[in-house]
Amino acid sequence: MTDDTRNEVQPGGMQAVDFWFDPACPWAWMASRWMLEVEKVRPVHTTFHVMSLAVLNEGRELDPDYRAKVDTYWQGARACIGVESEYGPLALRDFYTELGTRYHPGAQPTGDIEVIRAALTSCGLNPAIADKSDTDFYDEKMRTSHHAGMDPVGSEVGTPVIHMNGMALFGPVMSPAPKGEQAGQLFDGFSKMVAYDGFFELKRTRTREPIFG
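Residue numbering note: each chain is counted from 1, following its sequence as written. The predicted origin of the model limits local features to residues at a pLDDT of at least 70 and limits the giving and counting of side-chain atom pairs to 80 or more, whereas totals for whole chains, interfaces and linings rest on all residues. In computing side-chain properties, one takes all heavy atoms of the structure into account and sets aside hydrogens as well as water.

Visitor: Sorry if this is basic, but what is going on with the pairing of strand β3 (residues 44-50) here?
Guide: Remark: a regular strand shows side chains that alternate across the two faces of the sheet. Using a 1.4 Å probe on the protein chains alone, a residue whose accessible area is under 20% of its type maximum counts as buried, one over 50% counts as exposed, and one in between counts as partly exposed. Helix and strand labels come from DSSP, where a helix needs a run of H or I of at least four residues and a strand needs a run of E of at least two; each type is numbered from the N terminus. Of all seven residues making up β3, five are buried, and the element is well covered by its neighbours. Strand direction decides the pairing type here: strand β2 (residues 14-21) and β3, joined by seven bridges, are parallel. Following the sheet pairing, Trp20 is matched in β3 by His49. Convention used here: a crossover is right-handed provided that the path from the first strand, over the helix, to the second strand proceeds clockwise when the strands point away from the viewer. The β-α-β motif built from β2, the intervening helix α1 (residues 26-41) and the parallel element β3 has right-handed crossover chirality. Strands pair, by our definition, only if DSSP identifies at least two bridges between them.

Visitor: Teacher, can you tell me more about helix α4 (residues 74-87) here?
Guide: An α-helical segment advances 3.6 residues per turn. Residues three or four places apart therefore align on the same side. For α4, built from 14 residues, the straight-helix expectation of 20 Å at 1.5 Å per residue is met to within 8% by its first-to-last C-alpha distance of 20 Å. For α4, every residue scored as buried is listed here: Trp74, Gln75, Gly76, Ala77, Arg78, Ala79, Cys80, Ile81, Gly82, Val83 and Glu84. The first or second residue beyond α4 is Gly88, which carries a positive phi of 100 degrees. Expected helix span is given by 1.5 Å per residue-to-residue step, counting one fewer step than there are residues.

Visitor: What am I meant to see in the side chain of Gln75 here?
Guide: Residue placement: Gln75 occurs in helix α4. Each polar contact in these results corresponds to two N or O atoms within 3.5 Å; when the atoms are within protein, one needs to be able to donate a hydrogen and the other to accept it, and residues that are neighboring in sequence are counted only if both atoms are side-chain atoms. Reaching out from Gln75, the side chain makes a polar contact with the side chain of Asp134 at a distance of 3.0 Å.

Visitor: Mind showing me how you'd approach the side chain of Asp18 here?
Guide: Summarising the element assignment, Asp18 is placed in strand β2. A polar side-chain atom of Asp18 sits 2.6 Å from a polar atom in the side chain of His49.

Visitor: When you look at the nonpolar core in this model, what are you seeing that I'm missing?
Guide: It is characteristic of soluble globular proteins that their nonpolar side chains tend to be buried jointly. The nonpolar core is taken to be a set of buried Ala, Val, Leu, Ile, Met, Phe, Trp, Tyr and Cys residues, with the residues joined through side-chain atoms within 4.5 Å. Counting residues in each nonpolar core, the largest one holds 60 residues, and the members touching the most others are Phe21, Trp34, Phe95 and Ile116. Looking at this core, the element that brings in the most residues is α1, giving nine residues. Residue contacts follow a heavy-atom distance rule, with two residues in contact if any of their heavy atoms lie within 4.5 Å. If we skip the residues at most four places from it in the chain, Phe21 touches Ala28, Phe48, His49, Val50, Met51, Cys80, Leu92, Tyr96 and Thr159.

Visitor: What is the right way to read the layout of surface pockets from this model?
Guide: Any empty space left between the atoms is revealed when a probe the size of a water molecule rolls over them. The rule is simple: put a 1 Å grid over the protein atoms alone, call a set of points where a 1.4 Å probe fits but cannot get out a cavity, call an open set with protein on both sides within 12 Å along at least five of seven lines a pocket, and count a residue as lining if it has an atom within 4 Å of a point. Grid points are joined across faces, edges and corners, and a volume is the space filled by probe spheres set on the points. Here the largest pocket defines a volume of roughly 1700 Å³. Forming the boundary of the largest pocket are 44 residues, of which Phe170, Pro172, Val173, Lys203 and Arg206 lie nearest the centre. Within the residue set of the lining of the largest pocket, elements represented by two or more residues are α1, α2 (53-56), α3 (64-70), β5 (167-170) and α9 (180-194). Ranked by the residues each element gives to the lining of the largest pocket, the list is headed by β5, at four residues. Taken together, the residues of the lining of the largest pocket break down into 25 nonpolar, eleven polar and eight charged. Each residue gets one label: Ala, Val, Leu, Ile, Met, Phe, Trp, Tyr, Cys and Pro are nonpolar, Asp, Glu, Lys and Arg are charged, and the others, such as Gly, are polar.

Visitor: Whenever I open this one, the packing of α4 against helix α8 (residues 139-150) confuses me. Can you help?
Guide: Each pair of packed helices can be described by the angle between their axes along with the distance between the axes. Between α4 and α8, the shortest axis-to-axis distance is 9 Å and the interhelical angle comes to 90 degrees. Classified by the interaxial angle, the pair formed by α4 and α8 is roughly perpendicular. Here Trp74, Ala77, Arg78, Ile81 and Ser85 of α4 lie close against α8, whose contacting residues are Asp139, Lys141, Met142, Arg143 and Ser145. Looking at side-chain class alone, the contact of α4 with α8 contains four nonpolar, two polar and four charged residues. Fitted lines through C-alpha atoms give the axes, limited to the stretch in contact for helices. The angle between two N-to-C directions lies from 0 to 180 degrees. The scheme is simple: roughly parallel for angles under 35 degrees, roughly antiparallel for over 145, roughly perpendicular for 65 to 115, oblique for anything else.

Visitor: Sorry, what's going on with α1 here?
Guide: Look at α1: 24 Å from first C-alpha to last across 16 residues, which is about the 22 Å you get at 1.5 Å a residue. Counted residue by residue, α1 has twelve buried out of 16 residues, so it is predominantly covered. For α1, every residue scored as buried is listed here: Trp27, Ala28, Trp29, Met30, Ala31, Ser32, Arg33, Trp34, Met35, Leu36, Glu37 and Val38. If you follow the buried residues of α1, they end up packed against β2, β3, α5 (89-103), β4 (161-164) and α9.

Visitor: Is there a simple way to explain the pairing of β2 in this structure?
Guide: Burial analysis of β2 places seven of its eight residues in the buried class, the great majority of the element. Pairing of β2 with β4 involves three bridges; the strand directions are antiparallel. Across the sheet, Phe19 pairs through a bridge with Ile162, a residue of β4.

Below you can see the structure in the form of structure tokens.
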């Protein structure tokens, strides 16, 4: 993962967006599907990077049920870092789609090594990454990626995190993910907000769960 292309307009006017995700987070999944839809209707390219909700919540006092859930998130994030390390960012992009489809619309369990192995195999990637994801083999790289995304936005947020035009922000959080021109219009508005250095937050109470359809 390099820093030389982040937050820049690429040749030909292509807008670069860097997107940090934990594959287990349904809200990051929704926002990632939005960004892929945006790419169809706007001159935008999204580069995906890994953060870890397990790393974020290390040492925190959490509700026991949420702690048990977060403790199953290590393997998926590690596997994503393994894919990026061995194959690069484009492979990570495809693997995130495969694994996230299993986790979210497919409701398959996080922390299950066989789910990860099946996703790797489906993408033509080394299935041994699944075994390494059940160890700390990738943790140093995962923490480096995590902090590159999260340190600029602060510790009071989770995922998704987007870096764009020199700004790092949590969100957007949405359900369902808009499609077509509606996705493009939402991105246009988001772009205007991040263009202002003094912008920090918009928020309202969520009234629905993730809608994956």
